[in-house]
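Here is how the chains run, residue by residue.
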Amino acid sequence: MATTLNPTHVSTTRVARRFQLSRLWQLAAAHLALLLYTALALFPIFLVVVNSFKNRRAIFAMPYALPTAETWDPVGYQTVFNNANFGLYFANSLIVTIGALVLILLAGTMASYALAEYRFPGNTLLGLYLALGIMVPIRLGTVGILRLVVALGLADTLWALILVYTASGLPLAIFIMTQFMRQVPRELKDAARVDGASEYRIYWMTLPLVRPALGTVAVFNMIPIWNDLWFPLILAPSENVKTVTLGAQVFLGQFVNDWNAVLASLTLAIIPVVVLYILFSRQLIRGLTAGAVK
Amino acid sequence: MQRSGTTRRKPFPIHIIVFLAPAVIIYTAFMIFPLLDSLRLSLYAPGESGEYVFVGLNNYQRLLTEPLWAPRFFGALKNNLVFFAIHMLVQNPIGLFLASLLSSQFIKGRAIYRTLIFTPTVLSVVLVGFIWRLILNPLWGISGDILGLFGIENQPWLGLETTALPVLSLVSVWQYVGIPMMLFLAALISIPDELIEAARVDGATAWHVFWKIKFPLILPTVGIVAVLTFVGNFNAFDLIYTTQRATAGPNFATDILGTFFYRTFFGIQLQPGNPTMGATIAGMMLLIILAGVLLYLFTFQRRLLKMDIQL
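Residues numbered from 1 in each chain as written. Chains lettered and ligands numbered in written order. Predicted model: local features only at pLDDT ≥ 70, side-chain atom pairs only at ≥ 80, totals over all residues. Heavy atoms only, no water.

## Observations regarding the overall build of chain A
Step number 1: On a plain count of helices and strands, chain A comes out with 13 helices and zero strands.
Step number 2: Here the C-alpha atoms of chain A give a radius of gyration of 27 Å, more than 25% beyond the 19 Å that 2.2 N^0.38 yields for 294 residues.
Step number 3: Once the C-alpha set of chain A is aligned to its principal axes, its extents read approximately 85 × 65 × 35 Å.
Step number 4: The buried share of chain A, taken over its 294 residues, is 49%.
Step number 5: In chain A, 72% of the contacts between residues at least 6 apart in sequence involve partners at least 24 apart.
Step number 6: Total accessible area on chain A is roughly 14300 Å²; 69% of this is exposed by carbon and sulfur atoms. (Helix = DSSP H or I, 4+ residues; strand = E, 2+ residues; numbered from the N terminus. Rg over C-alpha atoms; globule rule 2.2 N^0.38 Å. Buried < 20%, exposed > 50% of the residue type's maximum accessible area, 1.4 Å probe, protein only. Contact = heavy atoms within 4.5 Å. Areas by Shrake-Rupley, 256 points an atom, 1.4 Å probe, with all protein chains shown as cover.)

Right under this line is the structure:
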């Protein structure tokens, strides 16, 4: 039976098997590369978190081991809680981030609604003017910003940070949301107009229809605002208005030789961000890839 | 229809102004005005009575020629170019490589890899800087253990003039590789399957399919990634400030334009701050970034015009 087998048939199965084998090798190599890179991305974070719960001797003697009953020691966390007001820093960061996000979304949707909805002289020009800020980093205006903030009496206030982050977040927010606003069906708005709805009411009605864009803009702005060091350092360095990022920077600088405290404060700063990231990673990734990745 | 048509033709109805005012006012007051004010200030210098006196482009001339300023400026510019070059040569190719693996439909657990690899990107640079300071600290010995596996001798990487800048650039690459990865991934996924299959049927290898079909198709994304990297790198500050302080040591080996700007504007130790020279450095940074962005716009102009029509 085997001898009568069609020779071309034999060769195609052999080719197919070899093809499958090389496929398998390729898959294994791809997984290996991805695993190695994932390890590289997470290992430093893992080391910090794990060692923050150990006593000083164990940190140096067995840095790769998980904490055991013997090596367990939360002394670093005690140092952090006794010496730095992370609760206050956290609240400041929350106020600044949420305040700026609300302003970006409100002012941004209003402006992009007007740009998308009405034809008025200078519409395109205004759109370009607002888009200028996408490519020009706001840090380069720091000298002017500090002068302005001091002149307005806003130095060392959270308002200074909120307004600066709003100004820097608006250009991209308006650019993205204008495109979404243009996709809202015209008939819907005209029907509402026939029913006598005011222009403000119609704007409010369109907001739920552009919800994905709102999510993208919010997630996009959230991380850089929360993580920024530059403007808190320059505009609001006082103890009572410090953000988490600046607070951590100052604390880490002061306690640089207290390994327990450094590791504990790093862990405290890492965990809320990573939890938030895991909660919002879908929106973030979808926003970053313009919806191409589900 | 008729009614809304006439409303729209009226010159500047009040509701349009109400809609635009908050964004235009905040953006103009806290971004455009300070930028212009900074540029204006770069044309002034403190006179004898402490009042600012108009000096034209004199500050720029001093920055580029005076022995007190020029070596620092060109040193920071050179370091910034190295910083940028390492991102372009390491971060973006690794991002492209990871994206090409993640875009394959045969890889299980793609979403998990993607999410995990992106994690460092969401951390603040302050945390990343300190995490790596600990890892690279010879006292802890982590870097020694790991480099030992590859037979590389451990060194005080952040303390040596020759290694501090490349190592910090790689730390920044470690943090931000997720961004090019995601952008490349989005571009690769949006390539129609039929195109790839047609090539496969014709007997093209995966290597060929990638370089002959996929890469040319994602070229616009390569341009976007390059310009984003450029703007981000020439605006960087946090990582150097966190790990090496504003002095950007050792011996200015890690001084980039952002730290040079900060040091000049605010002063350091005994040297008082100099707002007008700070504004001058910011003006130069603006020029450099604009030059990069314009170069991108002109190189990719055709593609951009096409995008504009679509919008």
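## What to know about helix 13 (residues 259-288) of chain A
Step number 1: Taking 1.5 Å as the rise per residue, helix 13 of chain A with 30 residues should run 44 Å; its terminal C-alpha atoms sit only 36 Å apart, a clear shortfall.
Step number 2: Of all the bends in helix 13 of chain A, the greatest measures close to 65° and is centred on phenylalanine 280 of chain A. (Expected span 1.5 Å × (residues − 1). Bend = angle between axes of the 7 residues up to and from the residue.)

## What to know about the environment of threonine 206 of chain A
Residues and elements named next belong to chain A.
Step number 1: Relative to the assigned elements, threonine 206 resides in helix 9 (residues 199-206).
Step number 2: For threonine 206, a relative accessible area of 2% corresponds to the buried category.
Step number 3: Put simply, threonine 206 and leucine 148 are 58 residues apart on the chain and 35 Å apart in space, counted from C-alpha to C-alpha.

## Some thoughts on helix 3 (residues 75-83) of chain A
Residue and element names in this part refer to chain A.
Step number 1: Buried residues of helix 3: Gly76, Tyr77, Thr79 and Val80, and no others. For helix 3, the angular spread of buried residues about the axis comes to 160°, placing them on one side. Summarising the geometry of helix 3, the exposed residues directed more than 90 degrees from the buried face are Phe81 and Asn82.
Step number 2: Check the buried side of helix 3 and you find it contacts helix 4 (86-117), helix 12 (244-254) and helix 13. (Arc of directions from axis to C-beta.)

## Considering the pattern of salt bridges
Step number 1: Per the stated rule, a full pass over the model turns up 13 salt bridges over all chains.
Step number 2: A salt bridge links aspartate 190 of chain A to arginine 186 of chain A, with the nearest nitrogen and oxygen atoms 3.9 Å apart. Of the two residues, aspartate 190 of chain A and arginine 186 of chain A are both situated in helix 8 (residues 186-194); the distance of four residues between them amounts to about one turn of the helix.
Step number 3: Exposure remark for aspartate 190 of chain A: the relative accessible area of 8% places this residue in the buried category.
Step number 4: Arginine 62 of chain B serves as the salt-bridge partner of glutamate 66 of chain B, at 3.2 Å between the closest nitrogen and oxygen.
Step number 5: The network of salt bridges with common partners includes Glu117, Arg186, Lys189, Asp190, Arg193 and Glu199 of chain A. (Salt bridge = Lys/Arg side-chain N within 4 Å of Asp/Glu carboxyl O.)

## A word on the side chain of lysine 242 of chain A
Residues and elements named next belong to chain A.
Step number 1: Structurally, lysine 242 can be placed in the loop between helix 11 (230-235) and helix 12.
Step number 2: Owing to a relative accessible area of 8%, lysine 242 belongs among the buried residues under this scheme.
Step number 3: Of the polar contacts made by the side chain of lysine 242, one reaches the side chain of glutamate 239; its length is 2.7 Å.
Step number 4: Setting aside residues no more than four positions away along its own chain, lysine 242 makes contact with Tyr89, Asn92, Ala236, Pro237, Gly247 and Val250. (Polar contact = N/O pair within 3.5 Å; in protein donor to acceptor, adjacent residues only side chain to side chain.)

## What to know about the packing of helix 6 (residues 142-151) of chain A against helix 2 (residues 14-41) of chain B
Step number 1: Remark: helix 6 of chain A packs on helix 2 of chain B, axes separated minimally by 7 Å, with the N-to-C direction vectors making an angle of 110°. Judged by the angle between their axes, helix 6 of chain A and helix 2 of chain B are roughly perpendicular. Considering how the two elements wind past one another, helix 6 of chain A and helix 2 of chain B form a crossing that is right-handed. Mapping the contact onto sequence places Thr142, Val143, Gly144, Ile145, Arg147, Leu148 and Val149 of chain A in helix 6 of chain A and Ala29, Phe30, Phe33, Pro34, Asp37, Ser38, Arg40 and Leu41 of chain B in helix 2 of chain B. (Axes fitted to C-alpha atoms, helices over the stretch in contact; angles between N-to-C directions. Parallel < 35°, antiparallel > 145°, perpendicular 65-115°, else oblique. Left-handed = near helix turned anticlockwise from the far one by under 90°.)

## A closer look at the environment of alanine 155 of chain A
Residue and element names in this part refer to chain A.
Step number 1: By the secondary structure assignment, alanine 155 is in the loop between helix 6 and helix 7 (158-182).
Step number 2: Along the sequence, alanine 155 and methionine 181 sit 26 residues apart, while their C-alpha atoms lie 36 Å from each other.
Step number 3: Residues contacting alanine 155, with those up to four places away along its chain left out, are Val149, Val150 and Leu235.

## Some points on the environment of threonine 121 of chain B
Residue and element names in this part refer to chain B.
Step number 1: Locating threonine 121 in the fold gives a position in helix 5 (residues 110-122).
Step number 2: Judged by relative accessible area, threonine 121 falls into the buried class, the value being 9%.
Step number 3: The spacing of threonine 121 and isoleucine 179 is 58 residues in sequence and 7.6 Å in space, taken between C-alpha atoms.
Step number 4: Residues contacting threonine 121, with those up to four places away along its chain left out, are Gln175, Tyr176, Gly178 and Ile179.

## Considerations on the interface of chain B and chain A
Step number 1: Across the boundary between the two partners, chain B contributes 94 residues, which contact 102 residues of chain A.
Step number 2: Each partner contributes to the roughly 9000 Å² buried at the junction of chain B and chain A, and carbon and sulfur atoms together form 78% of this total.
Step number 3: At the boundary of chain B with chain A, the tally comes to two salt bridges.
Step number 4: In this structure, aspartate 37 of chain B engages arginine 147 of chain A in a salt bridge whose closest nitrogen and oxygen atoms are separated by 2.9 Å.
Step number 5: Scanning the region where chain B abuts chain A turns up 15 residue pairs in polar contact (both at pLDDT 80 or more).
Step number 6: Broken down by element, the side of chain B that touches chain A gets its largest block of residues, 23 residues, from helix 2 of chain B.
Step number 7: For the side of chain B that touches chain A, the class distribution of residues is 70 nonpolar, 13 polar and eleven charged. (Buried area = accessible area lost by both parts, 1.4 Å probe. Nonpolar A, V, L, I, M, F, W, Y, C, P; charged D, E, K, R; others polar.)

Everything listed here is a matter of geometry and, on its own, says nothing about what the molecule does.
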